[in-house]
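In case you want the letters, here they are:
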Amino acid sequence: MDAFAASRAESVTDDASLEREFHERLGECATLAFRVALGVLRDCAEAEDVAQESLLRAYRNFHHLRDRGTFRSWLVRIAWRTAIDHRRAQRRRQRHEESAARDGLRQIISAAQNAEELAASCEFERRLNEEVDTLPEKLRIVMIMVAIEGYDTREVAGLLRLPEATVKSRLRLARKRLAERLR
Amino acid sequence: MAGDTANCAQIRERMLDAASNSLSGTLRASFDAHLAGCAACTTEFRRVQTLLQAIDHRVSASVAAEPSPRLMANVRREIAAQPGRVRPWWSRSVWLTAAGACAALALLMLTLRFVHKFNSPAQGHVAVSIHSPSPAKSTAHPRLNATIESAAAAQPRKQAGTHVHRLSGSGVHQNFAEPEVIVQPGQMQAVLQLVSAAQKREIDGANLLDSQKTSEPFEIKPLTIAPLKISALKDDSESLTSSSSQDGTQELVSQQSN
C-alpha cells in the first residue's frame, strides 16, 4: 500500500505541475493561436471560437508533448489545422459566391493613390481573401505568420521548423502569385 | 519600335521580382535603365509596387486584431470544468496501468480463440482429433482420447460441400502430431462407436494406431510368372509343342503332322 500511496501522491504532484505549466504558457500563447485562426477565418468571433478549441485541445494533449520548448510551434499547428477544418466546414455550408470581374479590380488598382487606399477597398479585400484561400497551405501559412506583428522570417522559421531561406522563398512566391492574380 | 515592344514585355515579366527586390545585379541594372526611358513601364511598375504593398498591408491588417478577454476566461472556465484531464487516466496509477495491460491481454486471447474457431473444419463434416500419447507412454498405459467438434458450430471452409476424407499429420509416432480426420455425417456413428470402445478399453487404441502404419509405404513383393507348358495341340494340320529351356525362356516348336 505504501507503494500505491507514493505512486498516487507522485501522480497528483505531476498533475499539479503540469496544470501550472500549462496555465503559464496559456497567457503567452492565446493571442498567437487567435491570430493564426484569424488569418485563416478573417472573423474575430469565429477566430476566438477556434482559438478556444485549439487551446483546450492543447490542454488535453499537453502530457503528450515531450519537448515543452516547442509548445508555441505545436500550438500554432493545432490552431492552423483547427482553423482550416473550420473553414472547410463553413465553405460547405455557404454558397459559392461568384467573383467580381477582373477588369473592375484593375480599375480600382489604377485609381488608388497609394497602397493604403487600395488596401482599404472592400473589393480589393474580397478578391485578396479569395486568392489567399487558393494558395497552397505551405505558402499560405508562411504569408499569414509573417504578417503577424512581432514575427519576422527568422521567428516564423523557428515556429514552423523550416530553414529561414525556405520561409523567405515561400513568402516571395506567395506574394508573387497573389500579385499575378490580382494584377 | 518592335524591339522596344519586346523589351517592354520582358521588363514587365520581371516587375514582380524587381518589386520584391529579388533581381540579380545585372538584370536590375538593365531593368532600371529601361524604366528611365519608358514612361509606360514606369507607370506599370509603380502599379505593381502599390499592389504588393497593399497585399502586405491587407494581410497584416487581417491578423492585427487582439482577442477579447472573453477568450481567456472561457478557456480557463472550460479547463476548470474538466479537472485532471492533463494526464490520461491510465498513467495515474501503477494499478490502473496493470489493469489496462491485463484487459489488453484478455482481448488478445479472445481474438486468438476466435481466429482458431474460424479455422475449424468444413460444414457438413465432423472433425475428429485423436490424441495419442508418445510411444514410451503408449506401451505402459495405452490410451485413446477423442475430441469431437460439432459440425454445426464449425465455420465453413473452402472445402465445404466436398466429400473428401482428409488425413493430416505425418504420422503419430514420427512427429507426435495429431491426426485429423474429416468424417462424413453418415459415418459419424461408426466413429463414435470406435471412440466409445477405446474409452471403455474394449479395444487397444494405441496398438490400433500402430497396426495402421498409415505413413509407411506398402510392401510390394516381386511378381513371379510360372513357365508356360503346352503339351499338345489338337490340330489336324500342325501341332505346337512348347518347352522351357534352362534359363526359363519358352520355345515353340512346330511339328509337321504326318
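The present account deals with the structure reproduced in this document. Small disclaimer: the values here were computed from a predicted structure and weren't measured. (Residues numbered from 1 in each chain as written. Chains lettered and ligands numbered in written order. Predicted model: local features only at pLDDT ≥ 70, side-chain atom pairs only at ≥ 80, totals over all residues.)

Some words on the overall build of chain B
Next up, step 1: When helices and strands are counted, chain B shows ten helices and six strands.
Next up, step 2: A total of 258 residues make up chain B; the buried ones form 14% of that total.
Next up, step 3: The long-range share in chain B, meaning contacts at least 24 apart out of those at least 6 apart in sequence, stands at 50%. (Helix = DSSP H or I, 4+ residues; strand = E, 2+ residues; numbered from the N terminus. Buried ≥ 20, exposed ≤ 12 C-beta atoms within 10 Å, placed from the backbone. Contact = placed C-beta atoms within 7 Å.)

Here we look at the overall build of chain A
Next up, step 1: For chain A, the count of helices and strands is nine helices and zero strands.
Next up, step 2: Along the chain direction, N to C, the helices and strands of chain A fall in the order α-α-α-α-α-α-α-α-α.
Next up, step 3: Taking all 183 residues of chain A together, the buried fraction comes to 31%.
Next up, step 4: Pairs at least 24 apart in sequence give 57% of the contacts found in chain A among residues at least 6 apart.

A closer look at the interface of chain B and chain A
Next up, step 1: Across the contact, 38 residues belong to chain B and 51 residues belong to chain A.
Next up, step 2: Tallying contributions element by element places helix α4 (residues 39-62) of chain B first for the side of chain B that touches chain A, with 14 residues.
Next up, step 3: For the side of chain B that touches chain A, the residue count by class is 20 nonpolar, eleven polar and seven charged. (Nonpolar A, V, L, I, M, F, W, Y, C, P; charged D, E, K, R; others polar.)

A short note on the packing of helix α7 (residues 137-147) of chain A against helix α9 (residues 164-182) of chain A
All names here are of chain A.
Next up, step 1: Between α7 and α9, whose axes approach to 9 Å, the crossing angle comes to 95°. It follows from the interaxial angle that α7 and α9 lie roughly perpendicular. Contacts between α7 and α9 involve K138, L139, V142, M143 and V146 from the former and V167, R170, L171, L173 and A174 from the latter.
Next up, step 2: When the residues that make up the contact of α7 with α9 are grouped by side-chain class, the tally is eight nonpolar, no polar and two charged. (Axes fitted to C-alpha atoms, helices over the stretch in contact; angles between N-to-C directions. Parallel < 35°, antiparallel > 145°, perpendicular 65-115°, else oblique.)

Some details on unusual backbone geometry
Next up, step 1: Despite not being glycine, R161 of chain A has its phi angle at roughly 55°, a positive value.
Next up, step 2: By the secondary structure assignment, R161 of chain A is in the loop between α8 (153-160) and α9.
Next up, step 3: The phi dihedral of N21 of chain B falls on the positive side, at around 55°, and the residue is not glycine.
Next up, step 4: With respect to the secondary-structure elements, N21 of chain B resides in the loop between α2 (15-19) and α3 (25-37).
Next up, step 5: Since 8 C-beta atoms lie within 10 Å of it, N21 of chain B is described here as exposed.

Remarks on helix α9 (residues 188-199) of chain B
Next up, step 1: Here α9 of chain B contains twelve residues, and its C-alpha end-to-end distance of 16 Å stays within 8% of the 16 Å for a straight helix at 1.5 Å per residue.
Next up, step 2: Of the residues flanking the end of α9 of chain B, it is R201 of chain B, one or two places downstream, whose phi is positive at about 60°. (Expected span 1.5 Å × (residues − 1).)

Points about the packing of α7 of chain A against α8 of chain A
Residue and element names in this part refer to chain A.
Next up, step 1: Running from N to C, α7 and α8 cross one another at 130°; their axes reach a closest spacing of 9 Å. Considered as vectors, α7 and α8 are oriented oblique to each other. Of the two elements, α7 crosses α8, and the hand of that crossing is right-handed. Here α7 contributes I141, V142, M145 and V146 to the contact with α8, which in turn contributes T153, V156, L159 and L160. (Left-handed = near helix turned anticlockwise from the far one by under 90°.)

Everything listed is a geometric property; what it means functionally is a separate question.
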